[in-house]
Amino acid sequence: MSITASHRESDAITINIAKDFTNAPGGRYCKDGPYSGEEFLDKILRPKYEQAKNERKLLIIELDGVYGYPSSFVSGSFGLLSSECKKRKENLLEHISFVSSSPSRIERFELEIRDPTQREKF
Amino acid sequence: MWQHLLAELRRGAWASVFIAFGGYLIGIIILGLLSLGFHLKNEVTLVEILTLGFSIFVAIGIPLLLKRLTSDADARRTLFMGDVEELLRVYEDSAKILQQDSSMEEVQASIRLFFSESEQAKDLINKGSEHLGRFAIPSSLKDALKRYEILLGEPPFQEGFTLTDILLTQKEELLHTIKVEIRKYQYEILLQ
């Protein structure tokens, strides 16, 4: 797996999940199998987020080209990063932006970041 | 002309049928009141009132009803109803995924596909709702969909997943809630 995160603009870092990680995301934890949310968070998302934050750049996440995102993957990666940011009083959505042909897909990810504890309410 | 009306009946567009029936009833009441007020006859039989009422209904009600059924707004609303029906179909079909005799990889692939189809169905509804300027997905339905998505997106992706009766029961209960919420949403669209 090679990270090909390209700098679309001089002030942005881009992650294309289908190209940089997988087109078939898995579950929440690494123990659940390959391409889990935890693996994505540890290997790609968190390092790129820290880089974007330090360099004061926007982190663009391209969501298309994937067969579908299980809710556990979304929660195990973006939800967990959002919880970490909340503890440090950071607003993840200020540093991150999603690109997709499906507005509902973007809404799912943004909702997870805004309220990473939503599944506990259900 | 009648094909349109029959199609509406088959499709279950009861609002249109109620409008037609309401028009008929109001026509009879008006006729009854007029006959009382003007004393055209000392005795007006029920059959005469109904016959006249039906004539008025045919002369006024049917053209108005057909105008409504063939209007642009109603055509858009009908298309929008199709999008809502498609959302229900996606969720109903997904219920079969866990019951199939498939490998874990196949189940997970089907669930990924379900998430994509569900997003597409919601996109269509949101676009339609934006275009019509109303009928946004109710929050109660959004919650029901979310609960179901959490159930389908969690256990089947966990290590050592096995299909239990509890999970199947939960799935059926959540799916039932979704069906109820979608029906409520459909009636809301029809009656507005």
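Residues numbered from 1 in each chain as written. Chains lettered and ligands numbered in written order. Predicted model: local features only at pLDDT ≥ 70, side-chain atom pairs only at ≥ 80, totals over all residues. Heavy atoms only, no water.

**Here's the deal with the confidence of the model for chain A**
Next, step 1: Looking at chain A as a whole, the pLDDT averages 90, with 89% of positions reaching at least 70.
Next, step 2: With pLDDT under 50 throughout, residues 1-8 of chain A is counted as low confidence; its partners more than four residues away or in other chains account for 26 contacts. (pLDDT = per-residue confidence, 0-100. Contact = heavy atoms within 4.5 Å.)

**Here's the deal with the environment of B:Lys184**
Residue and element names in this part refer to chain B.
Next, step 1: With respect to the secondary-structure elements, Lys-184 resides in helix 7 (residues 165-191).
Next, step 2: What makes Lys-184 partly exposed here is its relative accessible area of 48%.
Next, step 3: C-alpha of Lys-184 to C-alpha of Gly-61: the two residues are 123 residues apart in sequence and 28 Å apart in space.
Next, step 4: A polar contact is formed between the side chain of Lys-184 and the side chain of Glu-181, at a distance of 3.3 Å. (Helix = DSSP H or I, 4+ residues; strand = E, 2+ residues; numbered from the N terminus. Buried < 20%, exposed > 50% of the residue type's maximum accessible area, 1.4 Å probe, protein only. Polar contact = N/O pair within 3.5 Å; in protein donor to acceptor, adjacent residues only side chain to side chain.)

**A look at the packing of aromatic side chains**
Residues and elements named next belong to chain B.
Next, step 1: Counted under the stated rule, the structure contains 17 aromatic pairs over all chains.
Next, step 2: An angle of 45 degrees between the planes, with centres 6.0 Å apart, marks the rings of Phe-54 and Phe-57 as tilted. With a gap of three residues between them, Phe-54 and Phe-57 both fall in helix 3 (residues 46-69), about one helical turn apart.
Next, step 3: Owing to a relative accessible area of 46%, Phe-54 belongs among the partly exposed residues under this scheme.
Next, step 4: Taking the relative accessible area as the measure of exposure, Phe-57 reaches 16% and is therefore buried.
Next, step 5: Ring centres of Tyr-91 and Tyr-148 lie 5.6 Å apart, and the angle between their planes is 55 degrees; this geometry places the pair in the tilted category. Within this pair, whereas Tyr-91 is found in helix 4 (residues 72-94), its partner Tyr-148 is found in helix 6 (residues 139-153), the two being separated by 57 residues in sequence. (Phe/Tyr/Trp six-rings, centres within 6.5 Å; stacked < 30°, edge-to-face > 60°.)

**What to know about the sheet that holds strand 1 (residues 12-16) of chain A**
Residues and elements named next belong to chain A.
Next, step 1: With parallel pairing, three strands are arranged side by side in an open sheet as 1-2-3. This sheet does not close on itself; its edge strands, each paired only once, are strand 1 and strand 3 (96-99). When strand polarity is set aside, the average angle formed by the axes of neighbouring strands in this sheet is 25 degrees.
Next, step 2: Two elements, strand 1 and strand 2 (residues 58-62), share five bridges in a ladder whose sense is parallel. Directly across from Ala-12, in strand 2, lies its bridge partner Leu-58.
Next, step 3: Packing against the sheet, helix 2 (residues 37-54) makes contact with strand 1, strand 2 and strand 3, and its axis sits at approximately 165 degrees to strand 1. (Pairing = 2+ DSSP bridges. Axes fitted to C-alpha atoms, helices over the stretch in contact; angles between N-to-C directions.)

**As for the confidence of the model for chain B**
Where the model shows low pLDDT, its predicted coordinates should not be examined in detail.
Next, step 1: In this model, chain B carries a mean pLDDT of 84, and residues with pLDDT of at least 70 account for 86%.
Next, step 2: Within chain B, no element has a lower average pLDDT than helix 1 (residues 2-11) of chain B, which sits at 60, and none a higher one than helix 6 of chain B, at 94.

**As for the interface of chain B and chain A**
Next, step 1: Contacts between the two partners involve 19 residues from chain B, matched on the other side by 23 residues from chain A.
Next, step 2: Taking both partners together, chain B and chain A bury about 1,800 Å²; carbon and sulfur atoms supply 47% of that area.
Next, step 3: When the buried surface of chain B facing chain A is broken down by residue, B:Arg112, B:Glu119 and B:Lys146 rank first, second and third, together holding 32% of it.
Next, step 4: In this structure, the connection of chain B to chain A is made through three salt bridges.
Next, step 5: A salt bridge links B:Glu119 to A:Arg105; the shortest N-O distance between them is 2.7 Å.
Next, step 6: On the surface where chain B and chain A come into contact, there are 11 residue pairs in polar contact (both at pLDDT 80 or more).
Next, step 7: Counting residues per element, the side of chain B that touches chain A draws most heavily on helix 5 (residues 104-132) of chain B, which supplies eight residues.
Next, step 8: Counted by class, the side of chain B that touches chain A contains four nonpolar, four polar and 11 charged residues. (Buried area = accessible area lost by both parts, 1.4 Å probe. Salt bridge = Lys/Arg side-chain N within 4 Å of Asp/Glu carboxyl O. Nonpolar A, V, L, I, M, F, W, Y, C, P; charged D, E, K, R; others polar.)

**Observations regarding the nonpolar core**
Next, step 1: Residues B:Tyr91, B:Phe114, B:Tyr148 and B:Tyr185 are the most contacted members of the largest nonpolar core, which totals 34 residues.
Next, step 2: Among the elements of the structure, helix 4, helix 5, helix 6 and helix 7 of chain B are those that each provide at least two residues to this core.
Next, step 3: Of the residues forming this core, the biggest block, eight residues, is contributed by helix 7 of chain B.
Next, step 4: Counting residues in each nonpolar core, the second largest holds 26 residues, with A:Phe40, A:Leu63, A:Tyr69 and A:Phe109 among its members. (Core = buried A, V, L, I, M, F, W, Y, C linked by side-chain atoms within 4.5 Å.)

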